Amino acid sequence: MTDCLQRFLIRPAAVRGEVVSLSAAWREVVDRHVLPAAVRDRLGELVAAALLLAATIKFDGTLILQIHGDGPVALYVVECPPDGSFRATVRMRDGVDPAISIPAETPLSALVNANGGGRFAVTLEPRERGQPVTQGIVPFEGETVAQVLENYMARSEQIPTRLWLAANATLAGGVLIQRLPTQGGLPVEDTDGWPRIQHLGDTITATELCSVTPQEILHRLFWQESKEEGEPRPLHFACRCSRERVGGMLKMLGETEVESILTERENVEVRCDFCNQAYTFDAVDCAQLFLGPEAVSSDVMTDPKVRH
Ligand SMILES: [Zn+2]
């Protein structure tokens, strides 16, 4: 089974973890974007990492990973709501042709931290409306997606965490392990548990991460370990955009700006960066938008481009 997350616990070694494997759900993202191989594959790794992180952090809401880049990629965004769905997008730097050739093995740092100005942000948006949104922004630290996430977890959660990630045009996968606190009735004699499980994790290849199910990955890596496995939890691609949200975004843009677009075009067309859905507002629709109460919120994560 792919397009799922699988939790596991290696109790004697005081290590817990998650495995993710994506196929059809990942292709929903790939099919919506024209991207160089390296940019696409790093996005796949970020999707896998975000899903692993969302499954690990104790939080009821949407986890959003964002990387603001200063290289060929200006922005990566991955959003994981608590219902097992996700969406993801990339924005290339202005002037960079999305069909540009960048070798597939190019590390994340070369794409988003070419001049040392990359930033990595994790946002937690509570499920309940009105609850405060928390955001942690850290400088970009590391070469690969896995290293950036490991450094973030070490800083923010202070839990030793390791990740192995891989993606290609059709599949994306990853493994996350975390060291559990050793108190609370866990055996202390297995002192090399954490290094041993990490060493086993290091043996996984990108090909394996992209070709087998979470159950097979767990078996291949930890067949000698005494482990407990949870039920696989299904994952799917879904976008949160709606006409209402786009209307809210146009209101934030302001009446003057919207009117200036309408002097050049019959309609304002807004396309969602995540799913490519187009929303069209004619002059009447736009006038109605500005008759209502002031905009109170906007979908800052969608941030679609107004094309005119
Ligand atoms: Zn959308």
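Please read all numbers here as calculations on a predicted model, not as lab measurements. (Residues numbered from 1 in each chain as written. Predicted model: local features only at pLDDT ≥ 70, side-chain atom pairs only at ≥ 80, totals over all residues. Heavy atoms only, no water.)

Caption draft 1: Quick peek at helix 5 (residues 193–201). For helix 5, the full list of buried residues reads G193, W194, I197, Q198 and G201. Looking down the long axis of helix 5, one finds its buried residues gathered within 130 degrees of arc, a one-sided arrangement. (Buried < 20%, exposed > 50% of the residue type's maximum accessible area, 1.4 Å probe, protein only. Helix = DSSP H or I, 4+ residues; strand = E, 2+ residues; numbered from the N terminus. Arc of directions from axis to C-beta.)

Caption draft 2: Local environment of the pattern of salt bridges. Summed over all chains, the structure comprises 19 salt bridges. E45 serves as the salt-bridge partner of R42, at 3.1 Å between the closest nitrogen and oxygen. Of the two residues, R42 and E45 are both situated in helix 2 (residues 37–56); the distance of three residues between them amounts to about one turn of the helix. With respect to class, R42 is no different from E45; both count as buried. (Salt bridge = Lys/Arg side-chain N within 4 Å of Asp/Glu carboxyl O.)

Caption draft 3: View of the packing of aromatic side chains. Following the criterion strictly, the structure yields three aromatic pairs and no others. Relative to F237, the ring of F86 lies with its centre 6.2 Å away and its plane at 85 degrees, an arrangement referred to as edge-to-face. Within this pair, whereas F86 is found in strand 5 (residues 85–92), its partner F237 is found in strand 12 (residues 236–237), the two being separated by 151 residues in sequence. Among the residues examined, F86 registers a relative accessible area of 0% and is labelled buried. Take F237: its relative accessible area is 13%, and that puts it in the buried class. A ring pair is formed by F120 and Y152, whose centres lie 5.4 Å apart and whose planes are at 80 degrees; its orientation type is edge-to-face. Pair noted here: F120 is in strand 6 (residues 119–126) and Y152 is in helix 4 (residues 145–156), with a separation of 32 residues, a long-range link. (Phe/Tyr/Trp six-rings, centres within 6.5 Å; stacked < 30°, edge-to-face > 60°.)

Caption draft 4: Examining the coordination of the zinc ion more closely. Coordination sphere of the zinc ion, protein contribution only: C239 (SG), C241 (SG), C272 (SG) and C275 (SG), at 2.2 to 2.4 Å. What the four donor atoms of the zinc ion show is an angle range of 102 to 114 degrees at the metal, which sorts the shape as tetrahedral. In primary-sequence terms, the residues that donate to the zinc ion follow C-x1-C-x30-C-x2-C. Residue C241 is found in the loop between strand 12 and helix 8 (243–253), and its partner C272 is found in the loop between strand 13 (267–271) and strand 14 (278–282); the two are separated by 31 residues along the sequence. The same class applies to C241 as to C272, namely buried. (Donors = N, O, S within 2.8 Å, 3.2 Å for Na, K, Ca; no water. Tetrahedral: all angles 85-135°; square planar, octahedral: opposite > 155°, others 65-115°.)

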